[in-house]
Amino acid sequence: MIQTENLRKAFGEVRAVDGVTFTARDGEITGLLGPNGAGKTTTLRMLYTLMRPDTGRVLVDGIDSGADPIAVRKRLGVLPDARGLYKRLTARENIDYFARLQGVPPAEATRRREALIEVLEMRDFADRHAEGFSQGQRVKTAIARALIHDPKNVLLDEPTNGLDVMATRRMRQFMRDLRAEGRCVLFSSHIMQEVAQLCDRIVVIAKGRVVADESPEDLRRHTGESNLEDAFVKIIGSAEGLAA
Amino acid sequence: MNASLVIFLKEARENLRDKRTLINALLTGPLIGPLIFIMIVNIMISRELNQAEAPLELPVIGAAYAPNLIDALREQGFDPQPPVADPIAAVRNRDAAAVLRVPAGFGKSWGQGDPAQVEVYYDSSRRDTQQAVTRLRAMLENYARRTAGMRLIARGLSPALASPVVVDARDQSTPRSRAGALFSILPYFFVLTVFIGGMYLAVDLTAGERERQSLEPLFVNPVAPWRILIGKIAAICAFSVSSLLVCVAAFTVAARFIPTEKLGMDFGLGPAFALEVLVLMLPLVLLIAALQTLVAAFSKSYREAQTYLGLLMLVPVVPSVLLSILPIKTAAWMYTVPLLGQQVGITELLLGGAVTAAQVATCLVCGFAVAVLMLAITARVYASERLAISA
């Protein structure tokens, strides 16, 4: 479970995140939805302890990330916005590197790695050097290495970005599988349909603030729009109205 | 397994797969110094040998006015060349190293017992002609002295009257120390090798990783930034030490191909020297790795890091140049300054002097102290939240 309380982060004059509070529960998929530049990536970076919030705090399974960032990182599987691989290493070696850094015992790491290669359909390119991987192959490898330590909580920053239709469908199924395993799945997206299809809970962020935090049904009911996309536009529009 | 060790092994493995890094660290980096060095030394030696032994060939104007003088010069190894029209132009245009001109009135002054004048045209700013001019003047003075002695004897006087003071030059340089003066640039080659050997890795492991977007995923692992830094620094050091080993070995071999004995010089580039160089260089290996990583961490891109490090490479040349130009006396405090200590120590070893255990210890302690300080600064930068994020 991931809880954030009143997160704020400013870069100079720009308040990228301006008081974000929400909870992502185990066995649920939580979508962080917002237009480009709304503060999704910065929020996620504070969640996976790469950045320290100016105020507020993050609790992962009850552990304060400010107090013990290393313990928090052990409980997180993260697909960051940056998903570069080591191009002179094979996919398997890329995954093994992270397994060792996570301190996964070798036998366990091999078992997990092969399972992930199976589930993510990576068999064809698992022993090729990462140089020249397609976008889809890169994302799969990045996800496999992020989940090698069997984390309870999974953070995915725009996981379907740059993937083709088939790869996107498989990615969505993969996220449902993660939920079925009882994990807490939190992902960011600016694609309305994706969030509508997958999420148990939608957190809408605009201009660094949470403007809605509810189930898709509630979101539709509140806004009086049957179409989620219209609801999304309405919420962000009215939020901007309030801020002004 | 320790996280730093995991990172070290991965960086080493990944870079061993890169031909460019390997060629840089194990071939061009360490071998370019010895190669340049052999070339320079061989050219210098062969030129000095030629100049000292070969007949001195210079144009002479008005040789007919002083046949005896010319004959006397010939006896001393002078080979008069046909006259040139304009001696000044010939010297300025580098057509001749120097020109000897005997004026028309030479015979007349000689006959009257007056000082007879000859003119030597040369350009003292041309270092390469210095030896020719010095030789010519020595020959002329020799002839003048001999003639003066004969004139005194003809008048019944002792030639000793004309030389109230005699200088007996006693050069205290040893063959080894003469070789050392030639070798004062050598410590720079060792520093340069360490620099080049680690440079590609230093840029790649911080600025390169950030640019390829793999630094952020790396920092998401439950590993403290300083542990990541230690692993990366260790990988850089492994490559730069390999470079240094190849370089020292190459110099030891190269020394056999330098005909220093022809100049009556010799120097000790043996295994003992190689070992002492390695020990003295160790703090610099760490210091340079930390410094390169720090620069790479501050740079916005791979290219920027390469540019800065290229400029930084010129810094270690400063002590080498200063010490070879300025006749600074080696002082104890110099061993406390990294770079300078290595320069002084390695030069001292080349000169055939001994570096005491205390001096080596000073060099190591001070060098490692500065290196650790640099490492601490780099670790602070590594811990900053902006480091992993590419713009």
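Residues numbered from 1 in each chain as written. Chains lettered and ligands numbered in written order. Predicted model: local features only at pLDDT ≥ 70, side-chain atom pairs only at ≥ 80, totals over all residues.

**Here we look at the overall build of chain B**
Basically, it comes down to this: Only DSSP runs of H or I with at least four residues qualify as helices, and only runs of E with at least two residues qualify as strands; both kinds are numbered from the N terminus onward. Radius of gyration means the value over C-alpha atoms here, while the globule rule gives 2.2 Å times the residue count to the 0.38 power. Working definition of a contact: two residues with C-beta atoms, positioned from the backbone, lying within 7 Å.
Looking only at helices and strands, chain B features 15 helices and 4 strands. Compactness check: chain B gives a C-alpha radius of gyration of 30 Å against a globular reference of 21 Å for 391 residues, more than 25% above the reference. Considered along the principal axes of its C-alpha atoms, chain B spans approximately 100 × 45 × 30 Å. For chain B, restricting intrachain contacts to residue pairs at least 6 apart in sequence, the fraction spanning at least 24 positions comes to 77%.

**Here's the deal with helix H3 (residues 91–101) of chain A**
Short version of the rule: Residue burial is a threshold on neighbouring C-beta atoms within 10 Å of the residue's own C-beta, all placed from the backbone, with 20 or more meaning buried, 12 or fewer meaning exposed, and counts in between meaning partly exposed.
Among the 11 residues that make up H3 of chain A, 9 are buried, leaving the element largely enclosed by the rest of the structure. Among the structural elements, helix H4 (106–119) and helix H5 (135–146) of chain A together with helix H1 (3–16) of chain B are those in contact with the buried residues of H3 of chain A. Downstream of H3 of chain A by a residue or two, Gly103 of chain A has a phi angle that is positive, lying close to 75 degrees.

**Description of the pairing of strand S1 (residues 56–61) of chain B**
All names here are of chain B. Note the following rule: A pair of strands is considered paired only if DSSP assigns at least 2 bridges between the two. Seen with its strands pointing away from the viewer, a crossover is right-handed when the path leading from the first strand over the helix to the second is clockwise.
Counted residue by residue, S1 has 5 buried out of 6 residues, so it is predominantly covered. For S1 and strand S2 (residues 78–81), the ladder comprises 4 bridges, and the chain directions are parallel. Along S2, the bridge assignment pairs Leu56 with Phe78. Taken together, S1, helix H3 (residues 67–75) and S2 form a β-α-β motif whose crossover is right-handed. Taken together, the 2 bridges between S1 and strand S3 (residues 99–101) define a ladder with parallel strand orientation. Paired with Ile61 across the bridge in S3 is Arg101.

**Describing the pairing of strand S7 (residues 153–157) of chain A**
All names here are of chain A. Of all the 5 residues making up S7, 5 are buried; the element is thus mostly covered by neighbouring parts of the structure. Neither face of S7 is exposed, since Asn153, Leu155 and Asp157 on one face and Val154 and Leu156 on the opposite face are all buried. Looking at chain direction, strand S6 (residues 76–79) and S7 are connected through 4 bridges and run parallel. Following the sheet pairing, Leu79 is matched in S7 by Leu156. You can see the chain leave S7, run along helix H6 (residues 165–180) and come back into strand S8 (residues 184–189), and the turn it takes is right-handed.

**A short note on the domain arrangement of chain A**
All names here are of chain A. Stated precisely, the cut-off is as follows: Residue ranges for the domains originate in an automatic or database domain assignment.
Partitioning chain A into structural domains gives domain 1 (2–75 + 152–243) and domain 2 (83–150). Distance from the C-alpha centre of domain 1 to the C-alpha centre of domain 2: 25 Å. Counting residues at the interface gives 8 residues for domain 1 and 8 residues for domain 2.

**A few points about the sheet that holds S8 of chain A**
One key point about sheets: their strands pair by backbone hydrogen bonds, in either a parallel or an antiparallel sense. Residues and elements named next belong to chain A. Using the following cut-off: Angles here are taken between N-to-C directions and fall from 0 to 180 degrees, while the axes themselves are lines fitted to C-alpha atoms, restricted in helices to the stretch in contact.
In space, the 6 strands of this open sheet follow the order S6-S7-S8-S3-S9-S10, with mixed pairing throughout. Of all the strands in the sheet, the pair left with one neighbour each is S6 and strand S10 (209–214). Neighbour to neighbour, the strand axes of the sheet diverge by 15 degrees on average, direction disregarded. Note: strand S3 (residues 29–33) against S8, 5 bridges, orientation parallel. Note on S8: the bridge partner recorded for Gly31 is Phe187.

**Points about unusual backbone geometry**
Residues other than glycine predominantly adopt negative phi, and peptide bonds predominantly adopt the trans conformation. Even without being glycine, Lys207 of chain A reaches a positive phi, approximately 50 degrees. The residue Lys207 of chain A is located in the loop between strand S9 (201–206) and S10 in this model. Positive phi outside glycine occurs at Gln213 of chain B, with the angle close to 65 degrees. By secondary structure assignment, the location of Gln213 of chain B is in the loop between helix H8 (186–211) and helix H9 (215–219). Using a count of 19 C-beta atoms within 10 Å as the deciding quantity, one classes Gln213 of chain B as partly exposed.

**Focus on the nonpolar core**
Under the convention used in this document: Buried Ala, Val, Leu, Ile, Met, Phe, Trp, Tyr and Cys residues whose C-beta atoms connect them within 7 Å together make up a nonpolar core.
Core analysis: the biggest nonpolar cluster contains 152 residues, and Val204 of chain A together with Val285 of chain B have the highest contact counts within it. Beyond its immediate chain neighbours, meaning those up to four positions away, Val204 of chain A contacts Leu33, Gly34, Val210, Val211, Ala212, Phe232, Ile235 and Ile236 of chain A. One finds Leu56, Ala66, Leu73 and Ala97 of chain B within the second-largest nonpolar core, a separate group that totals 22 residues.

**Here's the deal with the environment of Pro159 of chain A**
All names here are of chain A. Here Pro159 is to be found in the loop between S7 and H6. A C-alpha to C-alpha distance of 17 Å links Pro159 and Val204, two positions 45 residues apart in sequence. Here Pro159 is in contact with Leu79, Val139, Met171 and Phe187, once residues within four sequence places are set aside.

**Some remarks on the sheet that holds strand S4 (residues 119–121) of chain B**
Residues and elements named next belong to chain B. Within the open sheet, the 4 strands sit side by side as S2-S1-S3-S4. Their pairing is mixed. Edge strands, defined here as strands with exactly one partner in the open sheet, are S2 and S4. Each adjacent strand pair in this sheet contributes to an overall mean axis angle of 35 degrees, direction not counted.

**Concerning the environment of Gly345 of chain B**
Residues and elements named next belong to chain B. One can find Gly345 in helix H14 (residues 340–350). Along the sequence, Gly345 and Thr330 sit 15 residues apart, while their C-alpha atoms lie 9.3 Å from each other. Ignoring sequence-local partners within four residues, the contact set of Gly345 consists of Leu280, Tyr335, Val355, Gln359 and Cys363.

**A closer look at the domain arrangement of chain B**
With domains assigned, chain B is organised as domain 1 (3–41 + 176–383) and domain 2 (56–170). On a C-alpha basis, the centroid separation for the pair domain 1 of chain B and domain 2 of chain B is 52 Å.

**Considering the interface of chain B and chain A**
We count it as follows: Polarity classes work like this: nonpolar for Ala, Val, Leu, Ile, Met, Phe, Trp, Tyr, Cys and Pro, charged for Asp, Glu, Lys and Arg, and polar for all others, with Gly in that last group.
Each side of the interface is counted separately: chain B has 21 residues, and chain A has 22 residues. Of all the elements in the fold, those that place two or more residues in the side of chain B that touches chain A are H1 and H9 of chain B. The element contributing the most residues to the side of chain B that touches chain A is H1 of chain B, with 4 residues. In terms of residue class, the side of chain B that touches chain A is built from 10 nonpolar, 4 polar and 7 charged.

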